[in-house]
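Residue-level structure breakdown
One letter stands for each residue in the lines below.
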Amino acid sequence: MLAEMVSALAPRDGGVYLDATFGGGGYTRAILEAADCHVLAIDRDPEAIGRGRQLALDEPRMTMLAGRFSAMAELAAAAGFGRLDGIVLDIGVSSFQLDDAARGFSFRLDGPLDMRMGDEGESAADLVARLSGDELAALFREFGDEPEAGRVARAIVARRAERPFSTTGDLAATVAAAKRRVKPGRDPATQVFQALRIAVNDELGELEAALHASLQLLAPGGRLVIVAFHSAEDRMVKRFIDERSGRGRTISRHLPVVDGPAPEMRFLRRKAILPAPAEVDRNPRARSARLRVAERLAADDPETDRRLAA
Ligand SMILES: C[S@@+](CC[C@H](N)C(=O)[O-])C[C@H]1O[C@@H](n2cnc3c(N)ncnc32)[C@H](O)[C@@H]1O
């Protein structure tokens, strides 16, 4: 989605942009190539932060910040940055994280059952040990769309009574043995691993906070570009922008539109942008990507305009 992201963000000379999910730095580099601008980059992963700091040594137009993107407004302010011309989020796990067995994200590579992007909080092993069977089933259903969530949760609870889960291989094998139906071409543990990763890293809570923070940070006319890989995340982005653009106010089409606050954002395109078929062929992980782009609007009233400009 690199070309689509650059075209949606439309960076211009002299602008300041936030890449809130630095990862391997692909987006940051593409933005810096597209315009003579400055990129403020954030990541919570110590290895990504190291890569970003390395890049910043040779690239004075880039600043690397360590932390969560939910705190983007505080991080940008502490680094001395004011209103921004654009923000991009490429949410989810990076291939660096996925392809490193030691990080514990992969059901294909055996490693510790960790899945933490940052270096704090509960690991996936802690979560699998702590949650009740019902809680595990709800988690697999909600964050993984796992159709056999109950069966898988029961198998996990039975197995952990004998021995706690400590490796990805161990969990993947238990999930595979519990499932009756598996989509062809898909590993049986895909959805369970996705659900655990989303919970371990509080990915939906982080996204919700980032959406609110983006309103605070973007200058009028500034763009918010979000690439999401999970339907719950894409729904959250769409609903937030709809609400902030004044669309979320109709309770029913039979009732009059309730007057609410002035729109703060607008979709530049109502429909999500999907990856080109050639990209999906090259990288099957991109198949569920959805890109959304919105623009921050200037407030109608002079008081809010003054607050935005401050
Ligand atoms: C899909 S990768 C981004 C890849 C990047 N666009 C590139 O071109 O290399 C997502 C990155 O965001 C980071 N990340 C995910 N959630 C985060 C959060 N809440 N706060 C900060 N970084 C986060 C991950 O650690 C990971 O490095």
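As a further point, take the overall build of the protein. Regarding its fold elements, the protein presents 14 helices and 7 strands. Over its C-alpha atoms, taken along the principal directions, the protein stretches across nearly 65 × 60 × 40 Å. Relative to its full complement of 310 residues, the protein shows a buried share of 41%. Within the protein, contacts between residues at least 6 apart in sequence are counted, and of these 63% link residues at least 24 apart.

Bringing the site of the ligand into the picture now. Within the structure, the ligand sits among 19 residues, and Thr21, Gly23, Gly24, Gly26 and Asp45 are positioned closest to it. Grouping the constituent residues of the shell around the ligand by class yields 5 nonpolar, 8 polar and 6 charged.

Domain parsing of the protein yields domain 1 (2-95 + 203-309) and domain 2 (119-200). A straight line from the C-alpha centre of domain 1 to that of domain 2 covers 31 Å. Of the residues lining the interface, 6 residues belong to domain 1; the matching set on domain 2 comes to 4 residues. The class makeup of the residues in the side of domain 1 that touches domain 2 is 4 nonpolar, 1 polar and 1 charged.

Turning our attention to the packing of helix H7 (residues 133-144) against helix H10 (residues 190-200). Packing of H7 against H10 brings their axes to within 8 Å, and their N-to-C directions diverge by 95°. Here H7 is positioned roughly perpendicular relative to H10, judged by the angle of their axes. From H7, Leu139, Phe140, Phe143 and Gly144 reach across to H10, where they touch Gln191, Val192, Gln194, Ala195, Ile198 and Ala199. Taken together, the residues that form the contact of H7 with H10 break down as 7 nonpolar, 3 polar and no charged.

Calculation criteria
Residues numbered from 1 in each chain as written. Predicted model: local features only at pLDDT ≥ 70, side-chain atom pairs only at ≥ 80, totals over all residues. Helix = DSSP H or I, 4+ residues; strand = E, 2+ residues; numbered from the N terminus. Buried ≥ 20, exposed ≤ 12 C-beta atoms within 10 Å, placed from the backbone. Contact = placed C-beta atoms within 7 Å. Near = placed C-beta within 6 Å. Nonpolar A, V, L, I, M, F, W, Y, C, P; charged D, E, K, R; others polar. Domains from an automatic or database assignment. Axes fitted to C-alpha atoms, helices over the stretch in contact; angles between N-to-C directions. Parallel < 35°, antiparallel > 145°, perpendicular 65-115°, else oblique.

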